[in-house]
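Residues per chain, in single letters:
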Amino acid sequence: MGVLRTMGKINALTAITKIIPGHAPQLRQNLEALTNASGGKIASLGTIHIVRWVIFDNDTRLLFATNFNGDVEDYMRDFAERAPEGIDAIWGHCEGYPGARDYPKLRDYILGSAIETTGYYCAYPEATVQDILKALDWKRKFDGFLDQIG
Amino acid sequence: MALRAYRFPFGRHHLFRLAEAGAARAWLGRIAGQVATVAAVDREPDHTLNLALSWQGLMALGLPEQSLQSFPEAFRQGMAARAARLGDTGGNAPEHWDAPFGSGDAHLLATISAATAEARSGAAEALLASLPPAGLDLIDSLDVALLPGPDGRPVPVEHFGYRDGIGQPSIEGSGIDAIRGQGTAGAGGAWRPLKPGEFVLGQPDETGEIAAGPQPEALGRNGTYLVLRKLHQHVARFRAFLRTSAADAAEEELLAARLMGRWRSGTPLAVSPGGDDPAAAADAARNNDFSYAEDLKGVACPLGAHIRRMNPRAGLSGPAGASVNRHRVLRQGLPYGTALPAGAIADDGAGRGAVIILINADIARQFEFVQKVWTNDGDFAGLGGEKDPIIGANDGTGSFTIPRSGQPRRRIPSLPAFVSTRGGEYFFLPGIRALHHLASAGPPMPHPTPEAPP
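Remember, it's a predicted structure, so these values are computed and weren't measured experimentally.

Engineer: Help me get a handle on the overall build of chain B, residues and values and all.
Structural biologist: Scanning chain B for helices and strands turns up 14 helices and 14 strands. Relative to the globule expectation of 22 Å for 454 residues, the C-alpha radius of gyration of chain B, 22 Å, shows essentially globular dimensions. Its C-alpha atoms give chain B principal-axis dimensions of roughly 80 × 50 × 40 Å. When the 454 residues of chain B are sorted by exposure, 54% land in the buried category. Looking at chain B alone, contacts between residues at least 24 apart form 70% of all its contacts between residues at least 6 apart. Carbon and sulfur atoms form 54% of the exposed surface of chain B, whose accessible area is close to 18000 Å². Placing the 43 positive and 46 negative side-chain charges of chain B at their respective mean positions leaves the two points 4 Å apart.

Here you go:
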């Protein structure tokens, strides 16, 4: 997959789509709602390190940039099944969007609008989201333990 | 085969290359009436015949391009081309597979399943006698059979010594009574059968939708995909590993149970973690009645145990738990090769293992996901990069984590591979009507059919 850049266990994907004229305000509102409250459905996927949407070019285009673990196919499909309304709420405001309920078409749409990553660096390429969350949890517990005995 | 996990003790897999479309189609038309249906299987015949085609096979039959392209990408590419996804790299890579797997020549799979070795021979002879003089080249035939037990009678025990063939998805409308633990785990310990569309094309699946299938519709109707894997088992290595990793025979059995998730009798660790309980193994109402919901940390059954990976049930606390029902496969398979004598821990160099037949409606979403995410990764269960201890593509560097209650987890290091991939193919298993469609599809037959030789 040419548009996917991989470093260790982390993959980068960047896609640019055209916003339907006049839809940018609603899209902006939806993106803010979706990413508030610790990411909601995005967090529940458990494999996305960082995802960023940027409305640019005078409200005409949408940049989607994400860093995630695992196979793009495996997880995009699960996500499309579990939260199709969330995907619709974003790319439903973009041109040519086929809807989230037909997975092969959705995949072709997202990967078809993806662009090549030119430079890519990650400080922890072998750590997954689950590894990091677990390590932070252990540190928190260990600190609590030290606080009690100290 | 699609809605019933076969329990026949003997089988023979024939692989054919289709050299001449007209002759092959005429033969398919003649033999289609002998292919097993669910109704026929339920009459408990002494043998059955099943036919399945690879994508190259469909092409060799002369299926129109538009129809060929309507099949999903994974199937069109075939198992060998998907090797990197499947962990079939290094010594497991397609260039090391037994011929003819991965060559693209295994166009047609004709599997005979039989109640006795004699019934198998008879059915195989009849199959070969039905072939036209030219047009279908037999390029491999592979015998599989249950291994003999202590008294010489076949027993459902695979080469590593575990009782096999216990857990199967129960499927809505299959006509088989659902057994607790075999469908999908719902809230509050309830179970319901899986939707048929997970295993048969043209039926509603777990999303409630009917997924798009191959075209024309008559071709996909009641069809499904059959994944064949020929897996060599390193039995001596497995026994030696248990011996060196455990202090005594009892500890060996406990480790063996933890790697599998079942005691060798078949008793699930989730049901009887403290010791084997053969009565539970023999009881169909108990040997699958568990969900791991009360064992999210894996103290009773390790999170990485083979059967827990193959079907995590309600035992995933993380986000991956929400879609377990979308990654199930119907498994059936039989051993090949002779058993390594009891107690031997030196390799005798013989080929032995299992030919596994997996049925699913979507190869990428079901078999490949299970292979990639549940077998050859551990992140979905919080196990980092650990792989399945029994069938994972281990290389001596991996580990197996055993969570324990009230004391630190134990980690078994340096896991070698106990299984090597020796071959495999993706096949389309057509329904009976689709077989007739295939027999009549494609361009008009250019030559007289074999019934009327020139």
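Engineer: Describe the environment of B:Gly398, and please don't skip the residues or the numbers.
Structural biologist: Residues and elements named next belong to chain B. For Gly 398, the position within the fold is in strand β12 (residues 398-402). On the basis of relative accessible area, Gly 398 is assigned to the buried category, the value being 17%. When residues no more than four places from it in sequence are discounted, the contact partners of Gly 398 are Ile 412, Pro 413, Ser 414 and Leu 415.

Engineer: For the packing of helix α3 (residues 72-82) of chain A against helix α13 (residues 364-375) of chain B, give the residues involved together with the corresponding values.
Structural biologist: A pair of packed helices is characterised by two quantities: the angle between their axes and the separation of those axes. Where α3(A) contacts α13(B), the axes come no closer than 11 Å and their chain directions differ by 125°. In terms of orientation, α3(A) and α13(B) fall into the oblique class. The crossing of α3(A) and α13(B) is left-handed. For the pair α3(A) and α13(B), the contacting residues are A:Asp74, A:Tyr75, A:Arg77, A:Asp78 and A:Glu81 in the first and B:Ala364, B:Arg365, B:Phe369, B:Lys372 and B:Val373 in the second. Across the contact of α3(A) with α13(B), the residue classes break down as four nonpolar, no polar and six charged.

Engineer: Can you lay out the domain arrangement of chain B for me, pointing to particular residues and giving the numbers?
Structural biologist: All names here are of chain B. Segmenting chain B into domains produces domain 1 (10-182 + 192-229 + 423-440) and domain 2 (233-329 + 361-422). Placing a centre on the C-alpha atoms of domain 1 and another on those of domain 2 gives a separation of 27 Å. With 42 residues of domain 1 in contact, the opposing surface of domain 2 contributes 40 residues. When the two sides are added together, the surface that domain 1 and domain 2 hide from each other amounts to roughly 3500 Å², 52% of it contributed by carbon and sulfur. Considering only the side of domain 1, the residues that lose the most area to domain 2 are Arg 85, Phe 160 and Tyr 162, jointly responsible for 24% of the buried surface there. Here domain 1 is connected to domain 2 by five salt bridges. Here Glu 368 ties to Arg 82 by a salt bridge, and the two come within 2.6 Å at their closest N and O atoms. Elements with a minimum of two residues in the side of domain 1 that touches domain 2: α5 (73-77), α6 (83-86), β9 (224-233) and β14 (419-429). Looking at the side of domain 1 that touches domain 2 element by element, the count peaks at four residues for β9. For the side of domain 1 that touches domain 2, the residue count by class is 18 nonpolar, twelve polar and twelve charged.

Engineer: Talk me through the interface of chain A and chain B; I want residue IDs and the actual numbers.
Structural biologist: Each side of the interface is counted separately: chain A has 16 residues, and chain B has 18 residues. Both sides together, the interface formed by chain A and chain B hides about 1400 Å², and carbon and sulfur atoms give 41% of it. The largest contributions to the chain A side of the interface with chain B come from A:Asp74, A:Arg77 and A:Glu81, which together make up 33% of the buried area. At the boundary of chain A with chain B, the tally comes to five salt bridges. B:Lys372 serves as the salt-bridge partner of A:Asp71, at 3.6 Å between the closest nitrogen and oxygen. Of all elements in the fold, only α2 (41-45), α3 and α6 (129-149) of chain A reach the threshold of two or more residues within the side of chain A that touches chain B. The leading source of residues in the side of chain A that touches chain B is α3(A), at six residues. Here the residues of the side of chain A that touches chain B sort into two nonpolar, four polar and ten charged.

Engineer: Quick rundown of the pairing of strand β1 (residues 10-18) of chain B? Include the residues and the values.
Structural biologist: Residues and elements named next belong to chain B. Burial analysis of β1 places eight of its nine residues in the buried class, the great majority of the element. Inspection of the sheet shows β1 paired to strand β3 (residues 108-114) by seven bridges, in the antiparallel sense. Along β3, the bridge assignment pairs Phe 16 with Leu 108. By the bridge criterion, nine bridges tie β1 to strand β4 (residues 136-145) in an arrangement that is antiparallel. Along β4, the bridge assignment pairs His 13 with Leu 142.

Engineer: So what's going on with unusual backbone geometry? Residues and values would help.
Structural biologist: Following B:Ala99, the chain continues into B:Pro100 via a peptide bond in cis, with omega recorded as 0°. By secondary structure assignment, the location of B:Pro100 is in the loop between α6 and β3. Omega for the bond connecting B:Gln215 with B:Pro216 falls within 30 degrees of zero, at 0°, which places this linkage in the cis form. Residues other than glycine seldom take positive phi values, yet A:Asn58 does so here, at roughly 60°. Given a relative accessible area of 75%, A:Asn58 falls into the exposed group.

Engineer: Go over the packing of aromatic side chains, please, and point to the residues and values.
Structural biologist: Residues and elements named next belong to chain B. Tallied over the entire structure, the rule returns 18 aromatic pairs over all chains. With a centroid separation of 6.4 Å and 50° between ring planes, the pair formed by Phe 16 and Trp 27 is classed as tilted. In this pair, Phe 16 sits in strand β1 while Trp 27 sits in helix α1 (residues 21-31), placing the two residues eleven residues apart along the sequence. A centroid spacing of 5.6 Å and a plane angle of 85° characterise the contact between Phe 369 and Trp 374, whose relative ring orientation is edge-to-face. Judged on exposure class, the residue Phe 369 and its partner Trp 374 are both buried.

Engineer: Describe in detail helix α10 (residues 249-260) of chain B, supporting the description with residues and values.
Structural biologist: Residue and element names in this part refer to chain B. For α10, which comprises twelve residues, the first-to-last C-alpha distance of 17 Å matches the rise-based estimate of 16 Å (1.5 Å per residue) to within 8%. Of the positions making up α10, those classed as buried are Glu 252, Leu 255, Ala 256, Ala 257, Arg 258, Leu 259 and Met 260. Residues of α10 that are buried sit in contact with α9 (235-245), α12 (306-310), β12 and β13 (410-415). The residue sitting at the N-terminus of α10 and contributing the capping side-chain oxygen is Asp 248; that oxygen lies 3.2 Å from the backbone nitrogen of Ala 250.

Engineer: A description of the side chain of B:Glu425 should follow, citing residues and the corresponding values.
Structural biologist: Residues and elements named next belong to chain B. Within the secondary structure layout, Glu 425 lies in strand β14. Here Glu 425 sits buried without a salt bridge, and the closest side chain of opposite charge, Arg 229, lies 10 Å off (N-O distance). Within polar-contact distance, the side chain of Glu 425 engages the backbone nitrogen of Gly 102 at 2.7 Å.

Parameters at a glance
Residues numbered from 1 in each chain as written. Chains lettered and ligands numbered in written order. Predicted model: local features only at pLDDT ≥ 70, side-chain atom pairs only at ≥ 80, totals over all residues. Heavy atoms only, no water. Helix = DSSP H or I, 4+ residues; strand = E, 2+ residues; numbered from the N terminus. Rg over C-alpha atoms; globule rule 2.2 N^0.38 Å. Buried < 20%, exposed > 50% of the residue type's maximum accessible area, 1.4 Å probe, protein only. Contact = heavy atoms within 4.5 Å. Areas by Shrake-Rupley, 256 points an atom, 1.4 Å probe, with all protein chains shown as cover. Lys, Arg positive; Asp, Glu negative; His and termini not counted. Charge placed at Lys NZ, Arg CZ, Asp CG, Glu CD. Axes fitted to C-alpha atoms, helices over the stretch in contact; angles between N-to-C directions. Parallel < 35°, antiparallel > 145°, perpendicular 65-115°, else oblique. Left-handed = near helix turned anticlockwise from the far one by under 90°. Nonpolar A, V, L, I, M, F, W, Y, C, P; charged D, E, K, R; others polar. Domains from an automatic or database assignment. Buried area = accessible area lost by both parts, 1.4 Å probe. Salt bridge = Lys/Arg side-chain N within 4 Å of Asp/Glu carboxyl O. Pairing = 2+ DSSP bridges. Phe/Tyr/Trp six-rings, centres within 6.5 Å; stacked < 30°, edge-to-face > 60°. Expected span 1.5 Å × (residues − 1). Polar contact = N/O pair within 3.5 Å; in protein donor to acceptor, adjacent residues only side chain to side chain.

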